[in-house]
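If you want the building blocks of each chain, they are given just below.
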There are 2 protein chains.
Amino acid sequence: MVTLAEVAQHAGVSPSTVSYVLSGKRSISEPTRRRVERAISELGYHPNAGARALAGKRSHIIALVVPLRTDVYVPIMMEIAISVTMTARSHGYDVLLVTNDEGPDGVRRVAASGLADGVILMDVELDDERIPVLRELGSHAALIGLPADTTGLSCVDHDFATAGALCADHLADLGHRDVAFVGYAPQVYQRHAGYAERTLSGFRERARERGLRILHRPCEGSFESTAGVLGRILDDRPATTGFVVQNEGALGPLLSLLRTSGRIVPEDASVVALCPEPLAEQNSPRLTAVTGPAQDLGRQAVELVLKRIGGATTPEVTLLTPVLTPRESSGPAPLTAAPARRLPAPQTPADVENSHAQPLP
Amino acid sequence: MVTLAEVAQHAGVSPSTVSYVLSGKRSISEPTRRRVERAISELGYHPNAGARALAGKRSHIIALVVPLRTDVYVPIMMEIAISVTMTARSHGYDVLLVTNDEGPDGVRRVAASGLADGVILMDVELDDERIPVLRELGSHAALIGLPADTTGLSCVDHDFATAGALCADHLADLGHRDVAFVGYAPQVYQRHAGYAERTLSGFRERARERGLRILHRPCEGSFESTAGVLGRILDDRPATTGFVVQNEGALGPLLSLLRTSGRIVPEDASVVALCPEPLAEQNSPRLTAVTGPAQDLGRQAVELVLKRIGGATTPEVTLLTPVLTPRESSGPAPLTAAPARRLPAPQTPADVENSHAQPLP
DNA sequence: TTGTAAGCGTTATCAA
DNA sequence: TTGATAACGCTTACAA
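Computed from a predicted model, the values in this text were never measured in an experiment.

(A) Layout of unusual backbone geometry. Residue Pro266(A) follows Val265(A) across a cis peptide bond; omega there is 10 degrees. Secondary-structure assignment places Pro266(A) in the loop between helix 12 (251–260) and strand 9 (270–274). Unusually for a residue other than glycine, His60(B) sits at a positive phi of about 60 degrees. In this fold, His60(B) is placed in the loop between helix 4 (49–56) and strand 1 (61–66). His60(B) sits in the partly exposed class, given a relative accessible area of 21%. Although it is not a glycine, Asp123(B) adopts a positive phi angle of roughly 55 degrees.

So this is what it looks like as structure tokens:
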């Protein structure tokens, strides 16, 4: 193993000079720098990470804590992980992968040992148990997702409320009046994953403003559950012509089911998805969708932690604006909607929202 | 920050004793151990990772090099990454995420700097440019995937040849005679990703043994390309009743298209997928599929590197046996196949394989 | 502009 | 069974 001392000797300079050439923390004369750089490449020198961390009090590692759950759309997690890694690299940092099965202890371990200089938490819950650890250790951190209490924390997230609102606007603009919102599984809401609720309430509010009648249905995302949900929607609100789909798993099934039931998309029914671009593109018809910039999430998170590692103390909360891309799955509301009829069966209140429904004809 | 020396003082023992209590590398009297352990928890001591790495010549970190490409099924990559991380943790190791955009230099960097004690390479290509670096540095490594030359290397991979063979067997058992193989995009074969070819040749060989007539078609995986591919298959071999689908992206489109063209699965056509379980389950009908154990891939890779880090020098190549799970998408070949007719258009030889076709009637 | 030298917090060797 | 103590390879005042 080649050490800095050996490089120094080879170049005929002192060890500190080599160190400074490497770190750029003091000015070096051109000839000296060249001699050192030659020695480095001739000997194939690579600074020892452990020694650097020990002496410099900085591991140049960021820990990324990823969820184990698979009810999040996995490719997006991966996209974030990759953008985190690449952004970190561009700042001279490496990324340590920590899985959430260690729970709060995982965070404690990597932060307290100095293994990582900072921590990025993915899939943050409203009342996340890892946050107290962060506060206790005074760790440098950035959260992807918004907890209930962001005091003192740096966070990035999609602006889910706007995402929901964009869906309502788009369908309202197209003349739809009865719109169903196909949500996530009940567990997701129960876990109080903020994004699910923020999207829904952004949608709800804008729907109210635009005078839409809406129906919110949680959905597991499997074919069967989607079939059940769609069936109940069409039973309860036969005049429904717009669908906003939050649960990506329900997209494929929903499209099949609409087709099977003889409804053409977008002539008879419009579908707006809350999902990543590739997913929207690979369906048939291609889906009008609201998408947030996943890569920016990772990039920003890294920049937030690095700022904190660099000494910044002001927490920042950034919400990234999503974009609605119209594709083939949405169009003007049909002029003659399916004949509205009275709801056939009793409804459970938890299940149905007649938010601001005008009385059915 | 609490140091080992402080713990020693607090416990009234020497620093080395504390170190040995932690590492278990020499026997400690029960009372001493208890005093030390109490001091550790009272002070909230966490050993400094950098110091440990420097003094111990072991970072307790494994680097996992992941591909950037998205033509691999991403959830599987994630599953592997997670099983790698968890297995590593269970051995006291952490995992550093390295993206392949750094190329061979990324491997060099983490290995030569002592940042990582070992390296796991994902998505290994037949002639992978990272392998020479491994050899040059004498790094401890495990590969997920089989390169052309495995000399001196430890590797794990699925037994893709068997996977292909299982598909052929299954369809042959069900009485199918004309089977189409919907493959990956041409680039994948050109990149010589071993798995694509090994699956295909395993399939081919078994198909020959079983007397199947096969047609191999590369496919991009998009709806359009799948439509094109299916169209050509049905043109060229109207009697085709079995489909083996290697490109997961083509699955959804293929099922839709078969339905659209009036073919019921599995009554008129059987589909066997080479894909992960969740994907097979979430289609409708649920797909008969051949699946390899992704988690084992990660687990084994970790165990292989750790063996090498521990001093083992014998390379091991492990192939994990895939399993075919029959579901709803495959059934007996229809008694009256669509009437065979002469191929309507000239074929490009690269495109079609009449491997061992009997002359058409 | 460059050099000297004192740490950084462990591990592990050598003694006791 | 335990204790001193010399590395480990780098960073960074402090000097020159």
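(B) Focus on the protein's contact with DNA strand C. Taken together, the neighbourhood of DNA strand C is formed by 27 residues, with Ser27(A), Thr32(A), Leu4(B), Tyr20(B) and Ala55(B) sitting nearest. Among atoms of DNA strand C positioned within 4 Å of the protein, sugar and phosphate together represent 56%. Taking Arg26(A), its side chain carries an N or O atom lying 2.7 Å from a base oxygen of DNA strand C. Elements with a contribution of two residues or more to the surface near DNA strand C: helix 2 (15–23) and helix 4 (49–56) of chain A together with helix 2 (15–23) and helix 4 of chain B. In terms of residue count, the dominant contributor to the surface near DNA strand C is helix 4 of chain B (four residues). Here the surface near DNA strand C is composed, by residue class, of eleven nonpolar, eleven polar and five charged.

(C) Seen up close, the interface of chain A and chain B. Every contact between the two is made by 38 residues of chain A and, on the other side, 41 residues of chain B. Taken as a group, His46(A), Met78(A) and Leu97(A) account for 18% of the area that chain A buries against chain B, more than any other trio of residues on that side. Applying the counting rule to chain A against chain B returns six salt bridges. Its salt-bridge partner being Arg109(B), residue Asp94(A) comes within 2.6 Å of it at the nearest N-O pair. The interface formed by chain A and chain B holds eight residue pairs in polar contact (both at pLDDT 80 or more) in total. Of all the secondary structure elements, the ones that give two or more residues to the side of chain A that touches chain B are helix 4, helix 5 (74–90), strand 2 (94–99), helix 6 (104–112), helix 11 (223–236) and helix 12 of chain A. Examining the composition of the side of chain A that touches chain B, we find that nine residues originate from one element, helix 5 of chain A, more than from any other. Across the side of chain A that touches chain B, the residue classes break down as 21 nonpolar, eight polar and nine charged. With three bridges joining them, strand 2 of chain A and strand 2 (residues 94–99) of chain B adopt antiparallel strand pairing. Counterpart to Leu97(A) in the pairing with strand 2 of chain B is Val95(B).

(D) Expanded view of helix 4 of chain B. All buried positions along helix 4 of chain B are accounted for by Ala49(B), Gly50(B) and Ala53(B). End-on, the buried residues of helix 4 of chain B take up no more than an arc of 100 degrees, which puts them together on one face. Lining the buried residues of helix 4 of chain B we find helix 4 of chain A. Its side-chain oxygen 2.9 Å from the backbone nitrogen of Gly50(B), Asn48(B) forms the N-cap of helix 4 of chain B. Downstream of helix 4 of chain B by one or two residues, Lys57(B) has phi in the positive range, about 55 degrees.

(E) Highlighting helix 3 (residues 30–43) of chain A. All names here are of chain A. Spanning 14 residues, helix 3 covers 20 Å between terminal C-alpha atoms, matching the ideal 20 Å at 1.5 Å per step. All buried positions along helix 3 are accounted for by Thr32, Val36, Ala39 and Ile40. Looking straight down helix 3, one finds that the buried residues subtend no more than 100 degrees of arc, so they occupy a single side. The exposed set on the far side of helix 3, more than 90 degrees from its buried face, consists of Arg38 and Ser41. Where helix 3 is buried, its residues touch helix 1 (4–11) and helix 2. Once helix 3 finishes, Gly44 follows within two positions and takes phi at roughly 65 degrees, a positive value.

(F) Spatial organisation of the packing of helix 8 (residues 160–173) of chain A against helix 10 (residues 194–209) of chain A. Residue and element names in this part refer to chain A. Packing of helix 8 against helix 10 brings their axes to within 6 Å, and their N-to-C directions diverge by 40 degrees. Taken together, helix 8 and helix 10 sit at an angle that is classed as oblique. In terms of crossing hand, the pair formed by helix 8 and helix 10 is right-handed. On helix 10, the residues touching Phe160, Ala161, Gly164, Ala165, Cys167, Ala168 and Asp169 of helix 8 are Tyr195, Arg198, Thr199, Gly202, Phe203, Arg206 and Ala207. Across the contact of helix 8 with helix 10, the residue classes tally to eight nonpolar, three polar and three charged.

(G) Spatial organisation of the side chain of Thr226(A). With respect to the helices and strands, the residue Thr226(A) is situated in helix 11. Those residues in contact with Thr226(A) that sit more than four places away from it in its chain are Cys219(A), Gly221(A), Ala250(A), Pro253(A), Leu254(A) and Leu257(A).

(H) Seen up close, the protein's contact with DNA strand D. Around DNA strand D there are 28 residues in total, and Leu4(A), Tyr45(A), Thr17(B), Ser27(B) and Thr32(B) lie nearest to it. Those atoms of DNA strand D that come within 4 Å of the protein belong to sugar or phosphate at a rate of 59%. Note that a phosphate oxygen of DNA strand D is positioned 2.6 Å from one of the side-chain N or O atoms of Ser29(B). Listed by contribution, the elements that provide at least two residues to the surface near DNA strand D are helix 2 and helix 4 of chain A together with helix 2 and helix 4 of chain B. By residue number, the principal contributor to the surface near DNA strand D is helix 4 of chain A, which donates four residues.

(I) Examining the packing of helix 1 of chain A against helix 2 of chain A more closely. All names here are of chain A. Look at helix 1 against helix 2: their axes get within 8 Å of each other, and the N-to-C directions meet at 105 degrees. With respect to their mutual orientation, helix 1 and helix 2 come out roughly perpendicular. Within the contact between the two elements, helix 1 uses Leu4, Val7 and Ala8 and helix 2 uses Pro15, Val18 and Ser19. Of the residues that constitute the contact of helix 1 with helix 2, the class distribution is five nonpolar, one polar and no charged.

Thresholds applied
Residues numbered from 1 in each chain as written. Chains lettered and ligands numbered in written order. Predicted model: local features only at pLDDT ≥ 70, side-chain atom pairs only at ≥ 80, totals over all residues. Heavy atoms only, no water. Helix = DSSP H or I, 4+ residues; strand = E, 2+ residues; numbered from the N terminus. Buried < 20%, exposed > 50% of the residue type's maximum accessible area, 1.4 Å probe, protein only. Near = heavy atom within 4 Å. Polar contact = N/O pair within 3.5 Å; in protein donor to acceptor, adjacent residues only side chain to side chain. Nonpolar A, V, L, I, M, F, W, Y, C, P; charged D, E, K, R; others polar. Contact = heavy atoms within 4.5 Å. Buried area = accessible area lost by both parts, 1.4 Å probe. Salt bridge = Lys/Arg side-chain N within 4 Å of Asp/Glu carboxyl O. Pairing = 2+ DSSP bridges. Arc of directions from axis to C-beta. Expected span 1.5 Å × (residues − 1). Axes fitted to C-alpha atoms, helices over the stretch in contact; angles between N-to-C directions. Parallel < 35°, antiparallel > 145°, perpendicular 65-115°, else oblique. Left-handed = near helix turned anticlockwise from the far one by under 90°.

Coordinates in, geometry out; function isn't part of it.
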